[in-house]
Amino acid sequence: MRWEELTGDQFVAAVDECEGVCLIALSVVERHGHHLPMGTDMYEGRGILERVAAQEKVILFPDYIFTQIPEARHLAGTISIDGDLMIQLLDNVCREIARNGLKKIVFVNAHGGNNGLVAFYNMRQLYKPSDYVVYLVNPFFAAFGSELQLPWPREEDGHAGPGETSMMRALRPDLVNMELVPDDDEGKARNRLAHLREAGVQTGIWWYADHPTHYAGNAAHATAEAGEQMLDVMAAAVVRAVRAIKADTEAKRLQDEFFARSGTPSV
Ligand SMILES: [Zn+2]
């Protein structure tokens, strides 16, 4: 069930039917090479969630695009929200979801650049008590893990590469232009900070150093069939997660216990 499609009358019953579970796909608007639209992550997140909702009763939060993307601010069309506002907005959105009765909030990460943000955001839940739990699921790990044999070498995939291009060929073929996939070295990492990486050092400019055009890999391998398989594997991973989350009562109990104890720390 998509939140924005329910009437106010239907909403209360929907919260019950979904056992208080709300899924929110965290995406972003950023350049995806020459051949994919800037909303690629949004379409991928929506595609995964709609497959999940066909198998398990859940409420889907409307498309959420205000996450981490300062590293694409040099590229036209990027929407990059300030870091502190991004966190405040996520807090506000979670409180609104919970205020409407959905106490199990599931972040489904649909943007690779969010991995640091969502991990930190989850730990940040331990600063202040709340009447809800934020659960985090990263379905991209399932699709690019061992569960699926994809028809391209792993090292030739990356941002806007064959994986994402395949999913977009499955979801919105009208928005994919395969004729614009580069046939030169644009998708290869430039390794301009290799001297630091080799010494175990990372900086905020690492992604720009490697992929200044936000294209990595070789999207020429992409097929709609592989995209369908990836979306199915990712949706299955989220369905498994939702079932575990629906059955879970421990996370909230432990969260409450933790806050009861953290006011007067002891051994
Ligand atoms: Zn993407």
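Here the residue numbers are simple positions, counted from 1 along each chain's written sequence. Two thresholds apply to this predicted model, a pLDDT of at least 70 for residue-level local features and 80 or more for giving and counting side-chain atom pairs, whereas whole-chain, interface and lining totals are computed over all residues. For side-chain calculations, the full set of non-hydrogen atoms in the structure is used, while hydrogens and water are omitted.

## So, a nonpolar patch on the surface
Here's step 1: Each patch is built from residues lacking any salt bridge and having more than 30% relative accessible area; the joining distance is 9 Å for like charges and 5 Å for nonpolar side chains (Val, Leu, Ile, Met, Phe, Trp, Tyr). What sets the accessible areas is the Shrake-Rupley method with a 1.4 Å probe; for residues, cover comes only from the shown protein chains. Within this document, salt bridges are pairs made up of a side-chain nitrogen of Lys or Arg and a carboxyl oxygen of Asp or Glu, the two lying within 4 Å of each other. A contiguous nonpolar patch, built from M123, L126 and F258 and spanning about 280 Å² of accessible area, is present on the exposed surface.
Here's step 2: Position of M123 relative to the elements: it lies in helix α4 (residues 115-124). Helix and strand assignments come from DSSP, with helices taken as H or I runs of at least 4 residues and strands as E runs of at least 2, each series counted from the N terminus.

## Description of the coordination of the zinc ion
Here's step 1: Coordination of the zinc ion by the protein comes from H32 (NE2), D41 (OD), E164 (OE) and E164 (OE), over a distance range of 1.9 to 2.7 Å.
Here's step 2: Each of the four donor atoms around the zinc ion contributes to a set of angles spanning 53 to 150 degrees, which defines the coordination as irregular.
Here's step 3: The rule for donors is simple: N, O or S, within 2.8 Å of the metal, or within 3.2 Å if the metal is Na, K or Ca. Water isn't counted, so a site may look like it is missing partners. Spacing between the donor residues of the zinc ion along their common chain follows H-x8-D-x122-E. Linking D41 in helix α2 (residues 40-53) with E164 in helix α6 (residues 162-171), this pair joins segments that are 123 residues apart in sequence.
Here's step 4: On the basis of relative accessibility, which here comes to 2%, the residue D41 falls in the buried class. Between 85 and 135 degrees for all angles marks four donors as tetrahedral; over 155 degrees for opposite donors together with 65 to 115 for all other angles marks four donors as square planar and six as octahedral; every other arrangement is irregular. Three exposure classes are used, based on accessible area relative to the maximum for each residue type with a 1.4 Å probe and protein chains only: buried under 20%, partly exposed in between, and exposed over 50%.

## Details of the environment of D174
Here's step 1: Here D174 lies in the loop between α6 and α7 (194-197).
Here's step 2: Identification of polar contacts relies on pairs of N or O atoms within 3.5 Å, with a donor-acceptor requirement for protein atoms, meaning one able to donate a hydrogen and the other able to accept it, and with residues adjacent in sequence counted only if both atoms are side-chain atoms. A polar side-chain atom of D174 sits 2.7 Å from a polar atom in the side chain of R172.

## Regarding the nonpolar core
Here's step 1: Membership of the largest hydrophobic core comes to 32 residues, with the highest contact counts inside it found for L23, V52, V106, M230 and V238.
Here's step 2: Of all the secondary-structure elements, those providing two or more residues to this core are β1 (21-26), α2, β3 (104-109), β4 (133-137), α5 (139-143) and α9 (224-247).
Here's step 3: The greatest single-element share of this core, amounting to twelve residues, is contributed by α9.
Here's step 4: Only heavy atoms enter the contact rule, under which two residues are in contact if any of them lie within 4.5 Å. Once residues lying within four places of it in the same chain are set aside, the contact partners of V238 are L23, I48, V52, V108, V137 and P139.
Here's step 5: F11, V93, F107 and V134 belong to the second largest nonpolar core, which has 27 residues in total. Buried Ala, Val, Leu, Ile, Met, Phe, Trp, Tyr and Cys residues that are joined via side-chain atoms within 4.5 Å together make up what is termed a nonpolar core.

## Some remarks on the pairing of β3
Consecutive side chains of a regular strand alternate in pointing toward one face of the sheet and then the other.
Here's step 1: Of all six residues in β3, six are buried; the element is thus mostly enclosed.
Here's step 2: Covered by surrounding structure in β3 are K104, V106 and V108 together with I105, F107 and N109, the residues of both alternating faces.
Here's step 3: The pairing of β1 with β3 spans six bridges and is parallel. Its bridge partner being in β3, L26 is matched across the sheet by N109.
Here's step 4: If you view a crossover with the strands going away from you and the path from the first strand over the helix to the second runs clockwise, you call it right-handed. Between the parallel pair β3 and β4, the chain is carried across by α4, and the sense of this crossover is right-handed. Any two strands between which DSSP finds at least two bridges are classified as paired.

## A closer look at the packing of α2 against α6
The relative placement of two packed helices comes down to the angle between their axes together with the axis-to-axis distance.
Here's step 1: Note on geometry: axes are lines fitted to C-alpha atoms, helical ones only across the stretch in contact, with angles between N-to-C directions running from 0 to 180 degrees. Between α2 and α6, whose axes approach to 10 Å, the crossing angle comes to 65 degrees. By crossing handedness, the relation of α2 to α6 is classed as left-handed. Residues T40, D41, Y43, E44, G47 and R51 of α2 touch α6, and the partners they reach there are E164, M167, M168 and L171.
Here's step 2: Three categories are distinguished: nonpolar for Ala, Val, Leu, Ile, Met, Phe, Trp, Tyr, Cys and Pro, charged for Asp, Glu, Lys and Arg, and polar for the others, with Gly belonging to the last. In the contact of α2 with α6, the residues fall into four nonpolar, two polar and four charged. Crossings are assigned a handedness: left-handed for a near helix turned anticlockwise from the far helix by less than a right angle, right-handed for a clockwise turn.

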